[in-house]
Protein chains: 2
Amino acid sequence: MTARSTTDTTRDIPEATVARLPVYLRALISLADRNIAVCSSEELAAAAGVNSAKLRKDLSYLGSYGTRGVGYDVDYLRYQIAREIGGTQEWPVVIVGIGNLGHALASFSGFRSRGFRIVALLDADASLHGKEVAGIAVRPFDELAAIVAEQQVAIGVISVPAPAAQDVADAMVQAGVSSILNFAPVVLSVPPGVDVRKVDLSIELQILAYHESRKAHTEAADLDGMPSGRVNSVSGAAAPEVSA
Amino acid sequence: MTARSTTDTTRDIPEATVARLPVYLRALISLADRNIAVCSSEELAAAAGVNSAKLRKDLSYLGSYGTRGVGYDVDYLRYQIAREIGGTQEWPVVIVGIGNLGHALASFSGFRSRGFRIVALLDADASLHGKEVAGIAVRPFDELAAIVAEQQVAIGVISVPAPAAQDVADAMVQAGVSSILNFAPVVLSVPPGVDVRKVDLSIELQILAYHESRKAHTEAADLDGMPSGRVNSVSGAAAPEVSA
DNA sequence: TAGATTGTTAATCGATTAACAATC
DNA sequence: TAGATTGTTAATCGATTAACAATC
């Protein structure tokens, strides 16, 4: 019955909290860049676009890293969060599908700076092989298994057209990848133990359109100038996981 | 106190449900393409990667569009969902920031096929002006206000580097855009009434890495081959909205 | 000590799920 | 009528929030 490892230091952190930790980390980095050494939960929450109660609750799952009456040491908290979310190690990543989107992903500097190293770009299209994208040569899709084994790749990114996505996922799983970020607009089937997160660009727009179409109705009623302060907005993609 | 319009036919649909409606719509289109005229909640749920109880609950917010003992008429349900999420009209969209990502977004065929028409590509970089991307000429960022007004643009996409994102958001809001899809890794401030959704590529990978780092511990315990069926995975980005 | 701010509790809210009565 | 499947209810679960005791 697959007993849990006994080394269970891992307090389990709620999914919603896990999804916000990278946001807090980014906010802390931004504060550190501005030479701010200490911050209150109120300040950090503002920088992260959440309310302070939620922030404190989230941080409480990690431990007690603040000082009552004072606040949080920016560098210390930053280190603790980075450690918690595995940001202190480097993760090798493969990208499969080097079309427009794959090209953009390969060129995206944010991955590297957050501990992800793109070790290979793969595409089934032979006309792309050998071409360099962001300084990395595109290689044949067939080499996936060898690359994953050799470089210990745990995370794969799928940016192929929808009809090819399931086959790519199957090959990734077969090769030993156990976390997949999927940009193809399809529901992937994967065995238990494999995590899939999906980024679906049209769906994001469709959700906006839904709310937009509802706004039209009440627009007239809002014309009497109501106070219009600014609100920090975060709507990170907090997606449910898959497969135990 | 901004009274609600009296034309309140809108049963209010939970956010989590709204985020899944586009997934159901896509599943129905796929069924229709395979000439399937009727489906049960069980079948549709499988195609959408959710369980059938959730699907039925979600659909119940729209109305009673099924037939007990029979199932759902694919075309009819498809139409009803499309109507509900505003997919029967066309939404003009502007994209600001035509770097690698903006280029990929402009070329993405999924937008057009889901009722979004890209009416303009804007960039502050003069060297891009006049260049065509996906058949659309890149224009100066300055023209934003004129374009939004002229084409009645409600939805804007931000794919500029992080430091420029807030300025772009401000200009969009000023011009009359009230829904923003933000790809820049920053927390945007917008006035109430403006919706922001955020797609944050590094954060998606960081969430995967978090779970991945926890998997390592229990790996050994899982070696005794447990049943490993397949599981449909959906982890759409179900993001909380912003600003009332 | 007085003031500030954390970490935690408890209440509330929203989402998920199983079960089943309604009904084709 | 018997079998199938929806739409809804009620229980459960997880996330958010306000409030405040603990404590620097």
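Residues numbered from 1 in each chain as written. Chains lettered and ligands numbered in written order. Predicted model: local features only at pLDDT ≥ 70, side-chain atom pairs only at ≥ 80, totals over all residues. Heavy atoms only, no water.

S.K.: Go over the UniProt feature "DNA-binding region" (unreviewed entry) in chain A, please, and point to the residues and values.
M.R.: The UniProt feature table records "DNA-binding region" (unreviewed entry) at residues 23-62 of chain A. From the first C-alpha to the last, residues 23-62 of chain A spans 15 Å; its make-up is 70% helix and 5% strand. (UniProt positions renumbered as here; feature names shortened; annotations may be inferred. Helix = DSSP H or I, 4+ residues; strand = E, 2+ residues; numbered from the N terminus.)

S.K.: Can you break down the nonpolar core residue by residue, with the values?
M.R.: Ranked by size, the top nonpolar core spans 52 residues in total, and within it Leu121(A), Ile155(A), Leu121(B) and Ile155(B) carry the most contacts. If near-sequence neighbours (up to four positions away) are discounted, Leu121(B) is found in contact with Ile95(B), Ile98(B), Ala106(B), Val133(B), Ile136(B), Ala137(B), Val138(B) and Arg139(B). (Core = buried A, V, L, I, M, F, W, Y, C linked by side-chain atoms within 4.5 Å. Buried < 20%, exposed > 50% of the residue type's maximum accessible area, 1.4 Å probe, protein only. Contact = heavy atoms within 4.5 Å.)

S.K.: Please give an account of the protein's contact with DNA strand D that cites residues and values.
M.R.: Within the structure, DNA strand D sits among 26 residues, and Arg20(A), Asn51(A), Arg68(A), Ser41(B) and Gly66(B) are positioned closest to it. In DNA strand D, atoms within 4 Å of the protein come 63% from sugar and phosphate. For DNA strand D, a phosphate oxygen lies 3.3 Å from a polar atom in the backbone of Tyr65(B). (Near = heavy atom within 4 Å. Polar contact = N/O pair within 3.5 Å; in protein donor to acceptor, adjacent residues only side chain to side chain.)

S.K.: Can you tell me about the pairing of strand S7 (residues 136-140) of chain B, naming the residues and giving the values?
M.R.: Residue and element names in this part refer to chain B. Direction of pairing for strand S5 (residues 116-123) relative to S7: parallel, over a ladder of 3 bridges. Its bridge partner being in S7, Asp123 is matched across the sheet by Pro140. Bridge analysis of strand S6 (residues 132-133) against S7 gives 2 bridges, and the strand direction is antiparallel. Bridged to Glu132 within S7 is Ala137. Where S6 hands over to S7, the hairpin turn is made up of 2 residues, of which Ala134 adopts a positive phi near 55°. (Pairing = 2+ DSSP bridges.)

S.K.: Give a detailed account of the confidence of the model for chain A, specifying residues and quantitative values.
M.R.: Reading predicted coordinates in detail is not appropriate for stretches of low pLDDT. Residues and elements named next belong to chain A. When the pLDDT values of chain A are averaged, the result is 88; 84% of them are 70 or greater. Under a pLDDT of 50 for its full length, residues 220-228 has, in the predicted model, 5 contacts with residues more than four places off or in other chains. Every residue in residues 236-244 scores below 50 in pLDDT, and together they form 42 contacts with partners more than four places removed in sequence or on other chains. (pLDDT = per-residue confidence, 0-100.)

S.K.: Lay out the environment of Pro191(B) with the relevant residues and their values.
M.R.: Residues and elements named next belong to chain B. Mapped onto the secondary structure, Pro191 falls in the loop between strand S10 (188-190) and strand S11 (195-198). Residue classification places Pro191 among the buried residues on the basis of a relative accessible area of 19%. Separated by 13 residues in sequence, Pro191 and Ser178 place their C-alpha atoms 9.4 Å apart.

S.K.: Could you give me a rundown of the pattern of salt bridges, with the residues and numbers involved?
M.R.: A complete count under the given rule lists 16 salt bridges over all chains for this structure. When the shortest N-O distance is used, the salt bridge between Arg26(B) and Asp200(A) registers 2.4 Å. Taken together, the positions of Arg26(B) in helix H1 (residues 15-33) and Asp200(A) in the loop between strand S11 (195-198) and helix H9 (201-218) put the pair across two chains. Summarising the burial analysis for this pair, Arg26(B) and Asp200(A) share the class buried. Measuring nitrogen to oxygen at the nearest pair gives 3.5 Å for the salt bridge that ties Lys198(B) to Asp200(B). (Salt bridge = Lys/Arg side-chain N within 4 Å of Asp/Glu carboxyl O.)

S.K.: Give me the lowdown on helix H3 (residues 52-60) of chain B, citing residues and values where you can.
M.R.: Residue and element names in this part refer to chain B. Taken residue by residue, H3 has Ser52, Leu55, Asp58 and Leu59 as its buried positions. Relative to the axis of H3, the buried residues are bounded by an arc of 125° and lie together on one face. Residue Asn51 occupies the N-cap position of H3, its side-chain oxygen lying 3.1 Å from the main-chain nitrogen of Ala53. (Arc of directions from axis to C-beta.)

S.K.: Outline the protein's contact with DNA strand C, supporting the account with residue identities and numerical values.
M.R.: Taken together, the neighbourhood of DNA strand C is formed by 26 residues, with Ser41(A), Gly66(A), Tyr72(A), Arg20(B) and Asn51(B) sitting nearest. Taking all atoms of DNA strand C within 4 Å of the protein, the share assigned to sugar and phosphate is 64%. A distance of 2.4 Å separates a phosphate oxygen of DNA strand C from a polar backbone atom of Ser41(A). Gly66(A) places a main-chain nitrogen or oxygen 2.8 Å from a phosphate oxygen of DNA strand C. Going through the elements one at a time, helix H3 (52-60), strand S2 (66-67) and strand S3 (71-73) of chain A together with H1 and H3 of chain B are the ones with two or more residues in the surface near DNA strand C. It is H3(B) that provides the largest number of residues to the surface near DNA strand C, a total of 4 residues. Its residues assigned to classes, the surface near DNA strand C shows 6 nonpolar, 11 polar and 9 charged. (Nonpolar A, V, L, I, M, F, W, Y, C, P; charged D, E, K, R; others polar.)

S.K.: Could you give an account of the sheet that holds strand S3 (residues 71-73) of chain B, naming the residues involved and the relevant values?
M.R.: Pairing between sheet strands relies on hydrogen bonds along the backbone, with the strands arranged either parallel or antiparallel. All names here are of chain B. If you trace the 3 strands from one edge of the open sheet to the other, you get S1-S3-S2, paired in antiparallel fashion. Because the sheet does not close on itself, it has two edges, and the strands there are strand S1 (38-39) and strand S2 (66-67). Of the pairings in the sheet, the one linking S1 to S3 comprises 2 bridges and is antiparallel in character. Residue pairing in the sheet places Val38 in a bridge with Asp73 of S3.

S.K.: For helix H8 (residues 162-175) of chain B, give the residues involved together with the corresponding values.
M.R.: Residue and element names in this part refer to chain B. Counted at 1.5 Å a residue, the expected span for H8 with its 14 residues is 20 Å, and the 20 Å between its end C-alpha atoms agrees. Listing the buried residues of H8 in full gives Ala165, Val168, Ala169, Met172 and Ala175. The buried residues of H8 all sit within an arc of 130° when viewed along its axis, so they share a single face. In H8, the exposed residues that point more than 90 degrees away from the buried face are Pro163, Asp167 and Gln174. Positive phi shows up at Gly176, right after H8, with a value of about 115°. (Expected span 1.5 Å × (residues − 1).)

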